[in-house]
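Spelled out, the chains give:
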Amino acid sequence: MSETASGVSGPVVLDVWCELQCPDCRSALGDLRALRERYGDRLEVRLRHFPLEKHKHAFAAAQAAEEAWEQGRGWEYVEAVLGRVEELDRRGEKFLVQTARELGLDAEEFDTALVDGRHILIVDADQAEGKAIGVTGTPTYVIGGERLDGGKSQEGLRERVEEIADRLLATPDA
């Protein structure tokens, strides 16, 4: 039987439209970490890419994050890049490859992935889906069909996500 004790099949999904050159997304890191710790495998936090045109290295950073996920260290890489958005701003793709190297990932594969564009379709698909549901800035959260905009303020957002997640986890399937 695949249902949990609460009656919900599988984890509740929290999609986070994010971009890795965004200071507001960096501010959201603590909340995302806390949510992942609080709920464990009952909440699937999925990073969705929404690179903004005003950040010239955001699209490359999204592709690099996909490579990090492929190499099994996605969240660690995302947190490392977001923690140093100013450096990404200044150094661009060199910084993305250097960060991979610092984390012990295959930096040459990162470099190749950024050149051959193997992750572009994933980034484009995330961005298109985000636009289709009304995402205009980052971070934007979607949980239980509700969209919460964190680009204006992070204030109260984690509490709102927890409220929705708790409700969804407590509701048995009909």
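Residues numbered from 1 in each chain as written. Predicted model: local features only at pLDDT ≥ 70, side-chain atom pairs only at ≥ 80, totals over all residues. Heavy atoms only, no water.

> Give a description of the pairing of strand E1 (residues 12-18) that names residues and reports values.
Where burial is concerned, most of E1 is hidden: 6 out of the 7 residues are buried. Direction of pairing for E1 relative to strand E2 (residues 43-49): parallel, over a ladder of 7 bridges. Note that in E2 the partner of Leu 14 across the bridge is Val 45. Read from E1 through helix H1 (residues 23-39) to E2, the crossover connection turns out right-handed. Judged from the 4 bridges that link them, E1 and strand E3 (residues 140-143) form a sheet pairing that is antiparallel. For Trp 17, the partnering residue across the bridge sits in E3 and is Thr 140. (Buried < 20%, exposed > 50% of the residue type's maximum accessible area, 1.4 Å probe, protein only. Helix = DSSP H or I, 4+ residues; strand = E, 2+ residues; numbered from the N terminus. Pairing = 2+ DSSP bridges. Right-handed = clockwise from strand over helix to strand, strands pointing away.)

> If you had to explain unusual backbone geometry to someone new, which residues and values would you point to?
The amide bond that connects Thr 138 to the next residue, Pro 139, takes the cis arrangement and shows omega of -10°. Relative to the assigned elements, Pro 139 resides in the loop between helix H7 (120-132) and E3.

> Help me get a handle on the pattern of salt bridges, residues and values and all.
Pairs can form between side chains of opposite charge whenever their charged atoms are close. Inspection of the entire model under this criterion finds 22 salt bridges. A salt bridge links Arg 26 to Glu 86; the nearest nitrogen and oxygen atoms lie 3.0 Å apart. Note that Arg 26 is positioned in helix H1 and Glu 86 in helix H4 (residues 85-91), a separation of 60 residues in sequence. Accessibility expressed as a relative area gives 41% for Glu 86, which makes it partly exposed. For Arg 36, the salt bridge is made with Glu 79, and the minimal N-O distance between the two is 3.4 Å. Pair noted here: Arg 36 is in helix H1 and Glu 79 is in helix H3 (residues 74-82), with a separation of 43 residues, a long-range link. Taken together, the shared-partner salt bridges connect Asp 15, Arg 46, Arg 48, Asp 126 and Glu 129 into one network. (Salt bridge = Lys/Arg side-chain N within 4 Å of Asp/Glu carboxyl O.)

> Which residues make up the nonpolar core, and what values do they have?
In terms of nonpolar packing, the biggest core is built from 45 residues, with Leu 14, Tyr 77 and Leu 96 touching the most fellow members. Trp 17, Leu 52, Val 135 and Val 142 belong to the second largest nonpolar core, which has 5 residues in total. (Core = buried A, V, L, I, M, F, W, Y, C linked by side-chain atoms within 4.5 Å.)

> Quick one: what's the story with the sheet that holds E3, residue by residue and with numbers?
If you trace the 4 strands from one edge of the open sheet to the other, you get E2-E1-E3-E4, paired in mixed fashion. At either margin of the open sheet sits one strand with a lone partner, and together these are E2 and strand E4 (146-149). Going across the sheet, the axis of each strand differs from the next one's by a mean of 20°, ignoring polarity. Against the sheet, H7 engages E1 and E2, with an angle of about 100° to E2. Helix H8 (residues 157-170) contacts E1, E3 and E4 of the sheet and is inclined by roughly 165° relative to E4. (Axes fitted to C-alpha atoms, helices over the stretch in contact; angles between N-to-C directions. Contact = heavy atoms within 4.5 Å.)

Purely geometric stuff here, so don't read any function into it on its own.
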